[in-house]
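# Results of the structural survey
Listed below, chain by chain, are the residues.
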Amino acid sequence: MLFARLRALATCALLALSACATPPPPPADADLYVNMTLLDPATQTRTANGYILVSQGRILAVGRGEGPEVAAERRHDMGGAYALPGLIDTHAHVTLGRLSVRVEDGRAALVAASEDEITEHNARLLVAMGVTTIRNPGGATDANARYARRVASGELIGPTALAAGEILDATPFEGLAIGVTDDASIEAAVAYQAEAGMQYVKLYHLLTEAQIEAGTAAARRHRMRTIIHTSGVSWERASALGIDSIVHAMPISPDLLTPENRARYQGPELTGGKAFYQWWELVDLDGPEMRSMIAELARRRVTIDLTLVVFQKQFWGDDPSVRDHFIEYTHPGMRENWRTFRFDIGWTQDDYTRARAVWPKIMRFARMLYEAGVPLTIGTDLANPFVAPGADVHTEMRLYQDAGIPSWAVLRMATNNAAETLGLDESIGRLSPGYEADIVFTLADPSRDVANIENVSGVLLNGVRYETRGLIVGRP
Ligand SMILES: [Zn+2]
């Protein structure tokens, strides 16, 4: 007993835990996970030979050593694995299915379907790869509300989702975007989505400054946060208008170019994703326009997810070794769909060459944002061409490491930084008592090399344990 007390005190001293009086015995339903290294990105600590005690979907205790006594069947030896907080994909359109063209009155319109089978596949694969929470930045409001209900009831294995409804844009897109014009139509769209339980308002790239302003005001009235994908209005301007988050590594506004290059930029006249690389060819990352923008983002703490992986798959669209990396984890129906719907339609060899030539500049931009203190999170743009559910969260993390961002910082982007962005940093993103038992287990240490996150072996999702292999085998 004395020895146990001494050991407990030693553990307290080692971990600097606050509640170090003799702990009460664990409840009978508690599960104890032992023999693993605990990784806490928030504090950048590595605890060898750690344990985690879980009950009712929450972490009761963490520590070093054998942990408290529990029934034999409640004690799980993790065989030397690494444990870290569940990953967060801040850009996963989990309810989006295939795109199709509908012709009505001789006019063609794009339609985005939501299909249960594809949603279930994506949700399951996200969990298999260690993703326990997502932000879904746009989709049909009713499909997203239904997803939340099905996950909450246990009918569907999937990450907890915070979501936006239909994205607000100048033109409608069935199943994905609602067309808005004036303040009244913006208020009506936002009110409907708030009523349906959405937490975010997604503002899209064809909106004017006045519409963006009206969108942020409406979101605030309904206590929702805003996400913007903008190309005409600059990121600096969007930030000044009070936007909470910006998505995609494409700040392709002419306002961010030097005056000489602004004249050369063809911008919106360039179709088929060519504006992406042309803007990057012309931008001066060290020019006053970009310096001012980055300082503004850092000052206002606007969160960015660059979704690097979706652009990498576009820029290497003719190279299966990059484009199809992890394609086996995508739903066959989506693969079929990407034969016709993709961002590099009509690209020639010259387009790919020019796009790949700007990639180092995009990577440098990612590092500049990090170094300036702009909050970054990991987002993949799941449902878009060639993005694999969950597995490409690992790719996205690796890309930030390739950009020169330290491994611990990348792990924070995928865990507690994202939790903070979502306003959930009191309940997820840490391995600490009181936090949700959302935990990823890996067979190699991702704090030494982020690429090791690919060795994910299992996950606890709200305290329920899943093996990665089992979830993958269930794929259609
Ligand atoms: Zn998106």
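Residues numbered from 1 in each chain as written. Predicted model: local features only at pLDDT ≥ 70, side-chain atom pairs only at ≥ 80, totals over all residues. Heavy atoms only, no water.

## Brief notes about the overall build of the protein chain
To keep things clear, this is the line we draw: Comment: elements are numbered from the N terminus, with helices defined as DSSP H or I runs of at least four residues and strands as E runs of at least two. As defined in this context, the radius of gyration uses C-alpha atoms, and a globule is described by 2.2 Å times the residue total to the power 0.38. What makes two residues a contact is simply this: any of their non-hydrogen atoms within 4.5 Å.
Of the regular secondary structure elements, the protein chain holds 17 helices and 18 strands. Relative to the compact-globule value of 23 Å for 476 residues, the protein chain shows a C-alpha radius of gyration of 23 Å, a close match. Seen through its principal axes, the protein chain has C-alpha atoms that stretch 80 × 50 × 45 Å. A separation of at least 24 residues holds for 71% of the contacts in the protein chain among residues at least 6 apart in sequence.

## With respect to the nonpolar core
The condition is simple: Throughout this description, the term nonpolar core refers to a set of buried Ala, Val, Leu, Ile, Met, Phe, Trp, Tyr and Cys residues connected via side-chain atoms within 4.5 Å. Between buried and exposed lies partly exposed: a residue is buried under 20% and exposed over 50% of the maximum accessible area for its type, with that area taken using a 1.4 Å probe on protein chains only. Each domain's extent was defined by an automatic or database domain assignment.
Counting residues in hydrophobic clusters, the biggest one holds 111 residues, and the most contacted among them are Ile-304, Leu-306, Phe-315, Phe-365, Met-397 and Tyr-400. The element best represented in this core is helix H13 (residues 349-372), accounting for 10 residues. Mapped onto the domain boundaries, this core takes at least three residues apiece from domain 1 (2-85 + 430-473) and domain 2 (88-405). Sequence-distant contacts of Phe-315, defined by excluding residues within four places in its chain, comprise Met-250, Phe-276, Trp-347, Tyr-352, Ala-355, Arg-356, Val-358, Trp-359 and Ile-362.

## A few points about the environment of Thr-208
Within the secondary structure layout, Thr-208 lies in the loop between strand S12 (200-203) and helix H5 (209-221). Thr-208 sits in the partly exposed class, given a relative accessible area of 42%. For the pair formed by Thr-208 and Thr-181, sequence separation is 27 residues and the distance between their alpha carbons is 9.5 Å.

## Let's talk about the packing of aromatic side chains
For any two aromatic rings, the description comes down to two numbers: the centre-to-centre distance and the angle of the planes. Here is the rule: Two rings from Phe, Tyr or Trp (for Trp, the six-membered ring) form a pair when their centres are within 6.5 Å of each other. A pair whose planes differ by under 30 degrees is stacked, one over 60 is edge-to-face, and the rest are tilted.
Evaluation of the coordinates by the stated rule reveals 12 aromatic pairs. Ring plane angle 35 degrees and centroid distance 6.2 Å describe the contact between Tyr-33 and Phe-441, whose orientation is recorded as tilted. With Tyr-33 in strand S1 (residues 31-40) and Phe-441 in strand S16 (residues 439-442), the pair connects residues that are 408 residues apart, well separated along the chain. Note on accessibility: Tyr-33 and Phe-441 belong to one class, buried. Between the aromatic rings of Trp-316 and Trp-359, the centroid separation amounts to 5.6 Å while the plane-to-plane angle is 85 degrees, which identifies the pairing as edge-to-face. Of this pair, Trp-316 sits in the loop between helix H10 (308-315) and helix H11 (320-323) while Trp-359 sits in helix H13, placing them 43 residues apart in sequence. As far as burial versus exposure is concerned, Trp-316 and Trp-359 are alike and both buried.

## Details of the sheet that holds strand S2 (residues 45-55)
Applicable threshold: For two strands to count as paired, DSSP must find a minimum of two bridges between them. Orientation is described by axes fitted as lines to C-alpha atoms, over the contacting stretch for helices, and by angles from 0 to 180 degrees between their N-to-C directions.
Taken in spatial order, the 7 strands make up an open sheet running S3-S2-S1-S4-S16-S17-S18, and their pairing is mixed. A single partner strand is all that each edge strand has here, and the edge strands are strand S3 (58-64) and strand S18 (464-467). On average, adjacent strands in this sheet sit at an angle of 35 degrees to one another, irrespective of strand direction. In the sheet, strand S17 (residues 456-461) pairs with S18 via 4 bridges, with the strands oriented antiparallel. Pairing of Val-459 across the sheet is with Tyr-466, part of S18.

## Details of the side chain of Glu-396
Condition: Only four residue types enter the charge count, namely Lys and Arg as positive and Asp and Glu as negative; His and the chain termini do not. Only one rule defines a salt bridge in this text: a Lys or Arg side-chain nitrogen within 4 Å of an Asp or Glu carboxyl oxygen.
Of note, Glu-396 is situated in helix H14 (residues 391-402). Buried charge without a partner: Glu-396 forms no salt bridge, and the closest opposite charge is Lys-313, 9.4 Å away. Discounting chain neighbours no more than four positions away, the residues touching Glu-396 are Leu-306, Thr-307, Leu-308, Val-309, Ile-378, Gly-379 and Thr-380.

## Examining the pairing of S17
With 5 of 6 residues buried, S17 is to be regarded as a mostly interior element. Sheet topology note: the S16/S17 ladder contains 4 bridges and is antiparallel. Its bridge partner being in S17, Val-440 is matched across the sheet by Val-459. In sequence, S17 turns back onto S18 through a hairpin of 2 residues, with Asn-462 there showing a positive phi of about 50 degrees.

## Some remarks on the pattern of salt bridges
Enumeration over the complete set of coordinates arrives at 29 salt bridges. The salt bridge involving Arg-98 is made with Glu-115; its shortest N-O contact spans 2.5 Å. On the criterion of sequence distance, the pair formed by Arg-98 in the loop between strand S5 (87-89) and strand S6 (99-104) and Glu-115 in the loop between strand S7 (107-112) and helix H2 (116-128) is long-range, its members being 17 residues apart. One salt bridge in this structure joins Arg-398 and Asp-402, with 3.6 Å as the shortest N-O distance. Taken together, the residues span about one helical turn, with Arg-398 and Asp-402 both in helix H14 at a distance of 4 residues. Through salt bridges with shared partners, one network takes in Asp-116, Glu-120, Arg-146, Arg-150 and Glu-155.

## Description of the pairing of strand S8 (residues 131-137)
Along a regular strand, successive side chains alternate from one face of the sheet to the other. Buried residues dominate S8, accounting for 7 of its 7 residues. In this sheet, S8 lies alongside S5 in parallel orientation, the contact comprising 3 bridges. Of the residues in S8, the one forming a bridge with Leu-87 is Val-131. Pairing of S8 with strand S9 (residues 160-164), which is carried by 5 bridges, proceeds in the parallel orientation.

## Digging into unusual backbone geometry
At Phe-326, a position not held by glycine, the phi torsion is positive, near 75 degrees. Note on placement: Phe-326 falls in the loop between H11 and helix H12 (332-337). Taking the relative accessible area as the measure of exposure, Phe-326 reaches 10% and is therefore buried. Of note, the phi angle at Phe-386 is positive, near 70 degrees, even though the residue is not glycine.

Read these as spatial facts, not as claims about activity.
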